[in-house]
Amino acid sequence: MLPTNVGSVTEEARMTLARMHLYDGETLRKLMQRAPGGSIKIEELGEKVGLSKSKVGMLLSGERPTVTREKADDICRVLGVHRGALFFEPLPTPMGTDTTGGTRHEHGRAFDADADRSSQELGSHDGPIGPYRRRP
């Protein structure tokens, strides 16, 4: 007999999978400079919380602004701030649902750009096009 919960995710498991989003990389950078005990470098923060140097760098740049709840707590503990000062938990969006309510066409921006033009003309310009110029 197969278990009935194969492929399903319990509410408890769903809560542990939640990722915290960083509000702003610049705020994290400033807090790293003003950390208790002195300024903390990217490598040091990574070692203290168990993240790679590149992951901390991606947090600072905004390239990958999410971490697990546990890592968010660890970062905030090292920097001496409350989790809400750096991270927020996004509202859940059920998978497979359209957030626009099905009212917007997938390519709506292209259609709305200029209703008088056909789809082949959307990229054309009215004025003369200058020659390609290489930068020095």
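Residues numbered from 1 in each chain as written. Predicted model: local features only at pLDDT ≥ 70, side-chain atom pairs only at ≥ 80, totals over all residues. Heavy atoms only, no water.

1. Focus on the side chain of Lys55
Then comes step 1: Structurally, the position occupied by Lys55 is in helix α4 (residues 53-61).
Then comes step 2: With sequence-adjacent residues up to four places away left out, Lys55 is seen in contact with Arg19, Arg64, Thr66 and Val67. (Helix = DSSP H or I, 4+ residues; strand = E, 2+ residues; numbered from the N terminus. Contact = heavy atoms within 4.5 Å.)

2. Quick word on the environment of Lys41
Then comes step 1: Within the element layout of this structure, Lys41 appears in the loop between α2 (25-33) and α3 (42-49).
Then comes step 2: Lys41 sits in the exposed class, given a relative accessible area of 56%. (Buried < 20%, exposed > 50% of the residue type's maximum accessible area, 1.4 Å probe, protein only.)

3. Describing the sheet that holds strand β2 (residues 66-68)
Strand pairing in a sheet is mediated by backbone hydrogen bonds. Such pairs are either parallel or antiparallel.
Then comes step 1: One open sheet holds the 3 strands; their spatial order is β2-β1-β3, and the pairing between them is antiparallel. Every interior strand has two partners, whereas the edge strands, β2 and β3 (87-88), have only one.
Then comes step 2: Here strand β1 (residues 19-22) pairs with β2 via 3 bridges, running antiparallel. Counterpart to Met20 in the pairing with β2 is Val67.
Then comes step 3: α4 contacts β1 and β2 of the sheet and is inclined by roughly 130° relative to β2. (Pairing = 2+ DSSP bridges. Axes fitted to C-alpha atoms, helices over the stretch in contact; angles between N-to-C directions.)

Functional significance is not addressed by these values, which are geometric in nature.
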